[in-house]
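# Observations on the three-dimensional arrangement
The residues making up each chain are set out below.
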Amino acid sequence: MIDGQRKVIWSSEMHAFRLPSPDLWRDVLQKMKASGFNTVAFYFDWGFHSPKRGVYDFSGIRDIDRLLTMAEEEGLYVMTRAGPYVNAELTRGGFPGWLVNQRSRARTDDPDYMAAADEWLTQVHAIIRKHQINGDGKGNRGTVILHQIENELALTTASQRRYMDHLYAKARADGITVPIFHNDQGRNGYWVPEDSKVEKVVHGPNDMYAFDGYPGGTCTVGGKVTRGSAAPDWGYYGPGGAKGGASASPNTPGFLAEFGGGWFDYWGSNGGYECNARQRGKRFQRVFYGTNLANGIGIQSFYMGFGGTSWGWLPAPVVFTSYDYGSAISETREVREKAEELKQLGGLIRAVPDLAGMIPAGAPTISSPNIQVYHNKSPETDARFLMVTHKPSNGQSDDRFTVAADLPDGRYTLPMQLRGFDAKWLIAGVNLGGQRLVYSTSELQALTKHAGGDLMLLYGRTQEPGETVLRYASEPRVTVLDGQVTSTFASNGDLKLGYTHGTLARVRISGGGRPDLTLLIGDEAEGVKFWQEGDMLVRGPALVRSGALKGGTLALTGDTRAEEPLEIWAPGAIRRVTWNGVVLPTRAAGGTVVATQPLPAPASFTLPTLKWRAAPGSPETAPGYDDSKWQAIDTRAYASITARPDGQPNMLMDAYGFHEGDVWYRGRFQGTPAAERIQIYYGAGGSGMIQVFLDGQLIGDHELPSGLPRPITTGTATFTLPEAARTPGEHVLSVMLRNNGHNWDLDADDFHKEARGIVSASIEPRVGPSFSVPIAWKIQGRAGGEDIADPVRGVANSGGLDGERRGWHLPGFDDRAWKATVPAAAGTTWYRSSFDLAVPKGQDATIGLAFGDTTKPRSTGRYRVLMFVNGWNMGQFIANIGPQRVFPVPEGILNHRGRNTVALAVTSDGAPENALEAVKLVTLRTVRGGIPVAPVAAPTKPSELKAD
Ligand code: IPT
């Protein structure tokens, strides 16, 4: 209940840290609101804010306060999920880099760990507290309604219980007053509120119980969706019923903190995001989310609503740069077809508050064995919800059938169709404004006010018949303004309308003892053209973001993909309409306001061809390279879970303050005739790699495998040493190691502390007894280590390539001395290109970088690229692994109206067949509209970086 009103919480997730352009957070939030959501869920990533123990940053792209203010301004409730552990396919599951050096077990009540976690919680709670719907007691207030502690903590030991108690107490002590929950990985009954007195579940300190689920099949190779499983009955309709074993926590509201609204994709896949979007897309949402709702899941949040980009070094080893997730809002910020369906479902939830808190009503009589109907009622108003789907719900047959049910206004038989995998969300016996809906075989998308009466928008599957029955005291007058609608009036007061769903029909009903009613009835495609803004319905544009009626002027903002019409239904008089600030010529027509000319389409624009300058980028390989300032490897404390051979120094990168990206090692040894091979045991995440040079010559490289479920994140590489190693005197090994992220800690087993960097390295003889050739190692990584040189772009942005350390990735670096081409060489070569963009004013576009042949998931060439856009590390392309070869870059990072610089760090063995392929700018989406986006301020010149 919020302010005494029972509400269905209809939410989806976004991660602000996956969109490093804060103005665009508002774009996503507006699209979520327009897609029918009333709530947004946010994870916060501890590591994103903390480069070093005791150091926290909540500015710029990390401004959570601004994010929560925006959500409030856009009219969304918020669920905050601050960890400390979140998972989320983030490196270390959201833990900061420095935490991997902590020996105490994470996610337990070990005091060292809890002290570290408290540092973060103190900071983040202080921000969240001010945005709670209950206020913070100091005059600050916002829209945060629920707060999560921890995530999927499936270990339920006494230590974990004390840890959960601590997290709860800490939140309360820090002024979090909204209900607190935890997200159980599946409905196990972990951390059910203490006082719920359910046996056989694990109790915790929480106020509410929540769980997650990702059911519904997968995309198969070749991009085919499967409908291999039915929607789970997790509540009322599960075995045992409402108070039985099926409900893990029957005394708290049904609460899905995450329900799969897509799925992530991984290194080496065939590129599954479009397939994921269809798998958990249109129809799936009706069937699965509807089954949840029918089962009493009153709070559900879809993961993800907008996935975004795991830019820089954000990703966990399982995922590549794009975190599109097949979400309703794509990585390019496109409102996908599935978002339009969500708008229709969210519209029903908004129109019918009676849906909140419903319980099962009597089973209806169904004429087909292929069909099931979930029949619920409101205990307060007796209003009904009938969720009609196949039996089992993943059935895909075409069926005609009837559903007979005792409804509040009598016993009725509904003629129905269900064609293929689908569900219908029907309501019956419900008061809608001043009207009484007896039943409808159409679905309700919107209820609002119009022309002194009510307005309803109903829709159905195209070309299917529908009927709607309304109750009157006496026969009303029915005027069909548009389309073919029949009506009959019965002595019991029922007015029955009959029609076929197709182009929009318009009906006006007056008299009969009720306020006037305008009925709009169309097929799904007609329905999705409508947007609701307050009490208004707006039809036509690709997106309506806002609509404010002041003094007779209606100011609308939104997007068009093409020339699009505009029609407005409003409760009061509109004298003037503006669209994105420009006055529109309109006329009044049959009670609506219609634009007399279409809304303008986006203009086309061209993108420049990129011209490059290059420079060699691996000076560390040269035998005479000066590494005197590098840290010497020593025997400091070792906190990793990865076992290492006895007597080795601690070579792990994290131990030296380098947690992200690339590190270099240099090792000196004395040549010896028996030296045959070098064996290197290392950790580098999924698709991580090393390159090994001896005295400046590449002796080999090695890649870790990709793939699911758990990529192999450590490995051993053996290289044959060249003759040089056997000649007397000092020799230098130079090893470049790319860390593609630390593991998550999903199972609370300190998996995030798996080794990154070299674990051990040994020179081995051809034959004979093992021997030991001492190697004196040094290490270098990103500038400043934990004292990061670029706190504005932050932890995720940079690693330890020489070019990164020198600021070659920054737009203001002077590359005039660079050449048009450089000879191919093993190691890393840098390329830079500067260009101007001129996206027409008033247009929103998503522009990306494309590598090589984008019709294929991978190349035959073997190379990898870190791409920096105006200094921002926007991702990694691994040509031979794939599948991502197109990388969207958000506006704000890209300057859409001015100068830009792209810098690429390309790493290969230098063979001609492994050279960089053609790199192009591509327009991935363009609309007229959008919102103003300021460039994200950040250092532009190397001299602006903090000294190493
Ligand atoms: C679950 C996590 O809670 C979430 O952080 C994210 O990792 C998501 O699912 C997958 O994308 S993990 C669970 C499905 C094992």
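Residues numbered from 1 in each chain as written. Predicted model: local features only at pLDDT ≥ 70, side-chain atom pairs only at ≥ 80, totals over all residues. Heavy atoms only, no water.

Turning next to the overall build of the protein chain. Across its full length, the protein chain carries 10 helices and 54 strands. For 948 residues, the compact-globule estimate of 2.2 N^0.38 gives 30 Å, and the C-alpha radius of gyration of the protein chain, at 30 Å, lies within 12% of that figure. When the 948 residues of the protein chain are sorted by exposure, 64% land in the buried category. Pairs at least 24 apart in sequence give 73% of the contacts found in the protein chain among residues at least 6 apart. Accessible surface, the protein chain as shown: approximately 32600 Å² in total, 51% of it carbon and sulfur. Mean positive and mean negative side-chain charge positions of the protein chain (98 and 99 charges, respectively) differ by 3 Å. (Helix = DSSP H or I, 4+ residues; strand = E, 2+ residues; numbered from the N terminus. Rg over C-alpha atoms; globule rule 2.2 N^0.38 Å. Buried < 20%, exposed > 50% of the residue type's maximum accessible area, 1.4 Å probe, protein only. Contact = heavy atoms within 4.5 Å. Areas by Shrake-Rupley, 256 points an atom, 1.4 Å probe, with all protein chains shown as cover. Lys, Arg positive; Asp, Glu negative; His and termini not counted. Charge placed at Lys NZ, Arg CZ, Asp CG, Glu CD.)

Strand order in the open sheet formed by 5 strands is E21-E22-E28-E27-E24, with mixed pairing between adjacent strands. The open sheet has two free edges, formed respectively by strand E21 (443–450) and strand E24 (477–482), since each of these has just one partner strand. Sheet twist, expressed as the mean angle between neighbouring strand axes with direction ignored, is 20°. Relative to strand E28 (residues 514–523), strand E27 (residues 505–511) runs antiparallel, the two being bridged by 6 bridges. Each bridged residue has a counterpart across the sheet, and for Arg506 the counterpart in E28 is Leu520. (Pairing = 2+ DSSP bridges. Axes fitted to C-alpha atoms, helices over the stretch in contact; angles between N-to-C directions.)

On to the pairing of strand E29 (residues 530–533). Of the two faces of E29, both are covered, the one formed by Phe530 and Gln532 as well as the one formed by Trp531 and Glu533. Pairing geometry for E29 and strand E30 (residues 536–539), over 4 bridges, is antiparallel. Within the sheet, the bridge partner assigned to Trp531 lies in E30 and is Val538. Hairpin connection of E29 to E30: 2 residues between the antiparallel strands, including Gly534 at a positive phi of 55°.

Turning next to the pattern of salt bridges. Using the criterion set out here, one finds 73 salt bridges in the structure. Note that Asp409 is salt-bridged to Arg436, the shortest N-O span being 3.1 Å. Remark: Arg436 occurs in strand E20 (residues 435–440) and Asp409 occurs in the loop between strand E17 (398–407) and strand E18 (410–419); sequence separation between them is 27 residues. Exposure class is identical for Asp409 and Arg436. Each is buried. For Lys856, the salt bridge is made with Asp853, and the minimal N-O distance between the two is 2.8 Å. The structure contains a network of salt bridges with shared partners spanning Asp27, Lys31, Arg333, Arg545, Asp559, Asp844 and Arg925. (Salt bridge = Lys/Arg side-chain N within 4 Å of Asp/Glu carboxyl O.)

The next subject is the sheet that holds strand E37 (residues 592–595). Across the sheet, which stays open at both edges, the 5 strands sit in the order E29-E30-E33-E37-E36 with antiparallel pairing between neighbours. The open sheet is flanked by E29 and strand E36 (586–589), the only strands paired with a single partner. Each strand axis lies, on average, 25° off the axis of its neighbour in the sheet, ignoring direction. Judged from the 2 bridges that link them, strand E33 (residues 567–569) and E37 form a sheet pairing that is antiparallel. Paired with Glu567 across the two strands is Val594, which belongs to E37.

Here we come to the domain arrangement of the protein chain. Here the domain parsing of the protein chain yields domain 1 (9–335), domain 2 (355–541), domain 3 (542–599), domain 4 (636–780) and domain 5 (794–944). In this structure, domain 1 and domain 4 have C-alpha centres spaced 36 Å apart. Taken together, the contact pairs 33 residues of domain 1 with 33 residues of domain 4. Approximately 2500 Å² of surface area, both sides summed, lies buried where domain 1 meets domain 4, with 60% of it carried by carbon and sulfur atoms. Here domain 1 is connected to domain 4 by 1 salt bridge. Taken together, the connections running from domain 1 to domain 4 amount to 15 residue pairs in polar contact (both at pLDDT 80 or more). Here the side of domain 1 that touches domain 4 is composed, by residue class, of 17 nonpolar, 10 polar and 6 charged. (Domains from an automatic or database assignment. Buried area = accessible area lost by both parts, 1.4 Å probe. Polar contact = N/O pair within 3.5 Å; in protein donor to acceptor, adjacent residues only side chain to side chain. Nonpolar A, V, L, I, M, F, W, Y, C, P; charged D, E, K, R; others polar.)

Next up on the list: the site of the ligand. Not every one of the 18 residues close to the ligand is listed here, only the nearest: Tyr43, Asn87, Ala88, Glu89 and Tyr325. Separating an oxygen atom of the ligand from a side-chain N or O atom of Asn151 is a distance of 2.8 Å. Glu258 places a polar side-chain atom, nitrogen or oxygen, 2.9 Å from an oxygen atom of the ligand. Protein contacts shield 90% of the accessible area of the ligand, which totals 380 Å² for the unbound molecule. (Near = heavy atom within 4 Å.)

Before going further, it helps to examine the packing of aromatic side chains. Centre distance and the angle of the planes are the two values used to describe a pair of aromatic rings. With the rule as written, the count across this model stands at 50 aromatic pairs. Judged by centre distance (4.5 Å) and plane angle (45°), the rings of Phe181 and Phe255 are tilted. Within this pair, whereas Phe181 is found in strand E5 (residues 180–184), its partner Phe255 is found in strand E11 (residues 254–260), the two being separated by 74 residues in sequence. By relative accessible area, which is 0% here, Phe181 ends up buried. Ring geometry for Tyr665 against Trp777: centres 6.2 Å apart, planes inclined by 85°, an arrangement best described as edge-to-face. Taken together, the residues span a long stretch of sequence, with Tyr665 in strand E40 (residues 661–670) and Trp777 in strand E47 (residues 776–780) at a distance of 112 residues. By relative accessible area, which is 0% here, Tyr665 ends up buried. By relative accessible area, which is 6% here, Trp777 ends up buried. In this structure an aromatic cluster arises from ring pairing among Trp10, Phe37, Tyr209, Phe211, Trp234, Phe259, Phe284, Phe288, Tyr289, Phe302, Phe385 and Trp425. The ring of Tyr323 carries Arg18 above its face, with NZ or CZ at 3.6 Å from the centroid. A cation over an aromatic ring shows up here: Arg644 above the ring of Tyr638, its NZ or CZ 3.8 Å from the ring centre. (Phe/Tyr/Trp six-rings, centres within 6.5 Å; stacked < 30°, edge-to-face > 60°. Lys NZ or Arg CZ within 6 Å of the ring centre and 35° of its normal.)

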